[in-house]
Amino acid sequence: MTIRKILIEPNKILRQKSKSVEKVDREVQQLMDDMLDSMYAAPGIGLAAIQIGIPKRVIVMDISKDNKNKNPMCFVNPEIVWKGTDKSIYEEGCLSVPDQFAEIERPKSCDVKFLDYSGEPQFLKTEGLLATCIQHEIDHLEGILFIDYLSKLKKSMIIKKLSKHKKENIDRIVV
Ligand code: ZN
């Protein structure tokens, strides 16, 4: 079990576009294992590889919010092939934008194709929280954060807060 450090905005790496995975081999599975460990430890319900500094198109999620009955999901090279016209609004947060939340409107449902943990092609119809979560995570693969959907003013206020927090953290030790 390896818990990796999650990158915090502002950070140029988070703005990078992630590259497709050619083959789901042991190394990629190890990455997914580490990502799941890091996500559960944070705790969060989704994590993209770029958030731990790896620019690969890999996402892990678990929206069950149930410690006893975990439902880890792994997506390699996920691609949204259809988006519904109905919208839904959730208050979103992000492990790379700590303690900041905002209401974001996204398509309520979408269909996704991807490779699973074993490298098998899969097709999934999603709606509600699952649809929002997967869209949020796929945005990470394009270097997009949820705060990019906010007004310039709101976004700059959040980035200012995060930068200040980073500075304050320099000499702080939490053990
Ligand atoms: Zn996020």
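Refer to the structure printed above.
A quick note: this is a predicted structure, and the numbers were derived from the prediction, not measured.

**Some points on a nonpolar patch on the surface**
On the surface, V81, W82 and F123 cluster together to form a nonpolar patch covering roughly 320 Å² of accessible area. Overall, the relative accessible area of 42% leaves V81 in the partly exposed class.

**Focus on the coordination of the zinc ion**
Donor atoms from the polypeptide that bind the zinc ion are C94 (SG), H136 (NE2) and H140 (NE2), placed at 2.1 to 2.3 Å. Each donor residue of the zinc ion belongs to the same chain, and together they define the spacing C-x41-H-x3-H. Of this pair, H136 and H140 are both found in helix α2 (residues 129–141), four residues apart, which corresponds to roughly one turn of the helix. Of the two residues, H136 and H140, neither departs from the other in class, the shared state being buried.

**A short note on the sheet that holds strand β2 (residues 58–61)**
Sheet architecture is open: five strands sit in the order β1-β2-β3-β6-β7, paired in antiparallel fashion. The open sheet has two edge strands with one neighbour each: β1 (46–48) and β7 (121–127). Strand-to-strand twist in this sheet, taken as the mean axis angle between neighbours without regard to direction, amounts to 40 degrees. In the sheet, β1 pairs with β2 via three bridges, with the strands oriented antiparallel. Bridge pairing links A48 to I59 in β2. Where helix α1 (residues 26–41) meets the sheet, it contacts β1, β2 and β3 (73–83), and its direction lies at approximately 40 degrees from that of β2.

**A word on unusual backbone geometry**
For the bond from E9 to P10, the omega torsion is -5 degrees, close enough to zero to count as cis. A cis amide bond, omega -10 degrees, links A42 with the succeeding residue P43. Within the secondary structure, P43 sits in the loop between α1 and β1. With a phi close to 50 degrees, N77 is a non-glycine residue in the positive phi region. Considering the arrangement of structural elements, one finds N77 in strand β3. Although it is not a glycine, D99 sits at a positive phi angle of roughly 65 degrees.

**Examining the nonpolar core**
One finds V28, M32, M35, L47, V58 and V60 to be the most contacted residues of the largest nonpolar core, which totals 16 residues. Among the elements of the structure, α1, β2 and β3 are those that each provide at least two residues to this core. Per-element accounting of this core gives the leading share, six residues, to α1. With residues near it in sequence (within four places) discarded, L47 still touches I6, M35, S38, M39, I52, V58, I59, V60, L95 and E137. Core analysis: the next-biggest nonpolar cluster, separate from the first, contains 15 residues, A48, M61, I134 and L141 among them.

**Considerations on the side chain of S96**
As for its position among the elements, S96 is in the loop between β4 (87–94) and β5 (97–107). With residues up to four places along the chain from it excluded, the contact list for S96 reads I6, L7, I8, E9, L14 and Q51.

**Points about the pattern of salt bridges**
Per the stated rule, a full pass over the model turns up eleven salt bridges. Connected via shared salt-bridge partners are E9, R15, D148 and K155.

**Topic: the pairing of β5**
As paired strands, β4 and β5 are joined by seven bridges and run antiparallel to one another. When the bridges of β5 are listed, S88 appears paired with R106. In this structure, the hairpin formed by β4 and β5 is closed by a connection of two residues.

**Focus on the pairing of β3**
When β2 meets β3, the two strands line up antiparallel, connected through four bridges. Note on β3: the bridge partner recorded for I59 is F75. Here five bridges tie β3 to strand β6 (residues 109–115), and the two strands are oriented antiparallel to one another. Its bridge partner lying in β6, K83 is registered against C110.

Rules used in this analysis
- Position numbers for residues count from 1 along each chain, tracking the sequence in the order it is written.
- The predicted origin of the model limits local features to residues at a pLDDT of at least 70 and limits the giving and counting of side-chain atom pairs to 80 or more, whereas totals for whole chains, interfaces and linings rest on all residues.
- Each side-chain value is worked out from all heavy atoms of the structure, with water and hydrogens disregarded.
- Here a patch means residues that are over 30% exposed by relative accessible area and free of salt bridges, tied together within 9 Å if like-charged and within 5 Å if nonpolar (Val, Leu, Ile, Met, Phe, Trp, Tyr).
- Per-residue accessibility takes into account occlusion by the displayed protein chains alone, with areas from the Shrake-Rupley method and a 1.4 Å probe.
- Salt bridge, as used here: a side-chain nitrogen of Lys or Arg that lies within 4 Å of a carboxyl oxygen of Asp or Glu.
- The rule is simple: take the accessible area with a 1.4 Å probe, protein chains only, and divide by the maximum for that residue type; under 20% is buried, over 50% is exposed, in between is partly exposed.
- Ligating atoms shown are N, O and S within 2.8 Å of the metal, or 3.2 Å for Na, K and Ca, and water is not included, meaning a site may look less than complete.
- What counts as a helix is a DSSP run of H or I of at least four residues, what counts as a strand is a run of E of at least two, and both are numbered from the N terminus.
- The pairing criterion for strands is at least two bridges between them, as found by DSSP.
- Helix axes are fitted only over the stretch in contact, all axes being lines through C-alpha atoms; the angle between N-to-C directions runs from 0 to 180 degrees.
- Contacts between residues were defined by any pair of non-hydrogen atoms, one from each residue, lying within 4.5 Å.
- As used in this record, nonpolar core signifies buried Ala, Val, Leu, Ile, Met, Phe, Trp, Tyr and Cys residues forming a set joined through side-chain atoms within 4.5 Å.

Such coordinate-based values are descriptive only and should not be taken to indicate function.
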